[in-house]
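Chain and residue survey
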Number of protein chains: 2
Amino acid sequence: MSRAEQKERTRRAIINAAFSQLSADKSFASLSLREVAREAGIAPTSFYRHFADMDELGLTLVDEAGLMLRQLMRQARQRIEKNGSVIRTSIETFMEFVTGNSNVFRLLLRERSGTSAAFRSAVAREIQHFVAELAEYLRKETTCPDELARAQAEAMVILVFHTGADALDAPPEQYSYLTSRTITQLRWLAHGAAGYGRKPKS
Amino acid sequence: MSRAEQKERTRRAIINAAFSQLSADKSFASLSLREVAREAGIAPTSFYRHFADMDELGLTLVDEAGLMLRQLMRQARQRIEKNGSVIRTSIETFMEFVTGNSNVFRLLLRERSGTSAAFRSAVAREIQHFVAELAEYLRKETTCPDELARAQAEAMVILVFHTGADALDAPPEQYSYLTSRTITQLRWLAHGAAGYGRKPKS
DNA sequence: AGAATGAGCGAACAGTTGTAAGCTAAACGG
DNA sequence: CCGTTTAGCTTACAACTGTTCGCTCATTCT
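All of these numbers come straight from a predicted model, not from anything done at the bench.

Calculation criteria
- Residues numbered from 1 in each chain as written.
- Chains lettered and ligands numbered in written order.
- Predicted model: local features only at pLDDT ≥ 70, side-chain atom pairs only at ≥ 80, totals over all residues.
- Heavy atoms only, no water.
- Helix = DSSP H or I, 4+ residues; strand = E, 2+ residues; numbered from the N terminus.
- Near = heavy atom within 4 Å.
- Polar contact = N/O pair within 3.5 Å; in protein donor to acceptor, adjacent residues only side chain to side chain.
- Nonpolar A, V, L, I, M, F, W, Y, C, P; charged D, E, K, R; others polar.
- Expected span 1.5 Å × (residues − 1).
- Buried < 20%, exposed > 50% of the residue type's maximum accessible area, 1.4 Å probe, protein only.
- Contact = heavy atoms within 4.5 Å.

Moving on to unusual backbone geometry. Within the chain, serine 85 of chain A stands out as a residue other than glycine whose phi angle is a positive 50°. On the secondary structure map, serine 85 of chain A appears in the loop between helix 3 (54-83) and helix 4 (86-100).

Take a look at the structure:
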């Protein structure tokens, strides 16, 4: 086997080891270098051949998680074309991701407010992809001015993201309730934003 | 000095030590028992005279943080009576809390998605106080049916909470923008919920 | 006054952590 | 084919962790 090939292989082993150790009771911050190395089947010191420290690994994980999210968006678009029903399809796709890759979602959820500024901004950047894309859609589809389209998109993404977080601690029989609740909230936002030029009431 | 009195005093010293060690780069989870004891000016082993373990301390901190939040709500109500402008006053009061007690807010923000189920539900409970109170207000003030009032209140609280989180990483000159953006979002919600009986469009 | 209680302490423990130094051996480049 | 490169290893160390044990000594109770 080629050397570069083998190196990439154990690099992936490290990444996978890290992902697989994440859980409801174990955050990335509570992961130790040695633990990861052990799970990856390498000596602790070999870790350094691939990452300078745990932070570098963490940023890689966030990047990969963001990648999965973007693939998800593409998948959601396909479904929408065949299905119509933009809001419902989007949320349901997202919920499937959250429940099917809960550890990946948890990583983003936690590091969004974690102790590393670099992590926080990395997660924020991934979320902004969502917001930007949704905002563009809203600009095309509605008569919303640019600035307000963004604010609307941000609110929507926050609510959906938060619903995902709720789902992590909720029993599966509540998923459909959570989904429909969020659909209602998003419709309110869309409806409110549509019928609302500017009203400086307070 | 009475014994109980003195005990309460060092108990507070421990709590204050823990709070004061929290920061943008230091979460409760990354706090060690010895660190807290050192800051509180006691021997590590003396910690156990007051708390069974760090988790118990953490739950106490969450409770205290929740208490501060409830005091904040009361304060906001007073301001509203003198000031009118419900939405703006509420958000501004909240933002003052976030910026003035950022470490307390960060605790709630982080433990909401932390690794301890007990912490998560403790924070969720505190947030539910907000939601319940706001939902009751909406029921009185509007024609919203109960279930929808709750959904509306939840969305609003989430958005406000999230704005607080944004403020933690934003330069102070952006606070007013964040505030007005959130006001807009809340108005959309209120407006959308008001003019919306039930419309099964998708 | 005398006994009991309990907050706080120091020493010690077994465990874990990140990381440095130096070696081996296999893949590579000339 | 021989020298260089380098992924991975073992060993080692110093720092820190949570927790147990037994002691002191001021407050409290009888």
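After that view, the rundown keeps rolling.
Right, let's talk about the protein's contact with DNA strand D for a bit. Around DNA strand D, a shell composed of 21 residues is seen, among which Thr10, Ala43, Arg49 and His50 of chain A together with Arg34 of chain B lie nearest. Take arginine 49 of chain A: an N or O atom from its side chain is 2.4 Å from a base oxygen of DNA strand D. Measuring from a base nitrogen of DNA strand D, one finds a side-chain N or O atom of arginine 34 of chain B at 2.5 Å. Taken together, the elements giving at least two residues each to the surface near DNA strand D come down to helix 1 (3-21) of chain A together with helix 2 (33-40) of chain B. Of all the elements, helix 1 of chain A adds the most residues to the surface near DNA strand D, at 4 residues. For the surface near DNA strand D, the per-class residue count stands at 5 nonpolar, 9 polar and 7 charged.

A few words now on helix 4 (residues 86-100) of chain B. All names here are of chain B. Given a rise of 1.5 Å per residue, 15 residues ought to cover 21 Å, and the 21 Å separating the end C-alpha atoms of helix 4 matches this to within 8%. Taken residue by residue, helix 4 has Thr89, Ile91, Thr93, Phe94, Met95, Phe97 and Val98 as its buried positions. The secondary structure elements touched by the buried residues of helix 4 are helix 3 (54-83), helix 5 (102-111), helix 7 (146-169) and helix 8 (175-194).

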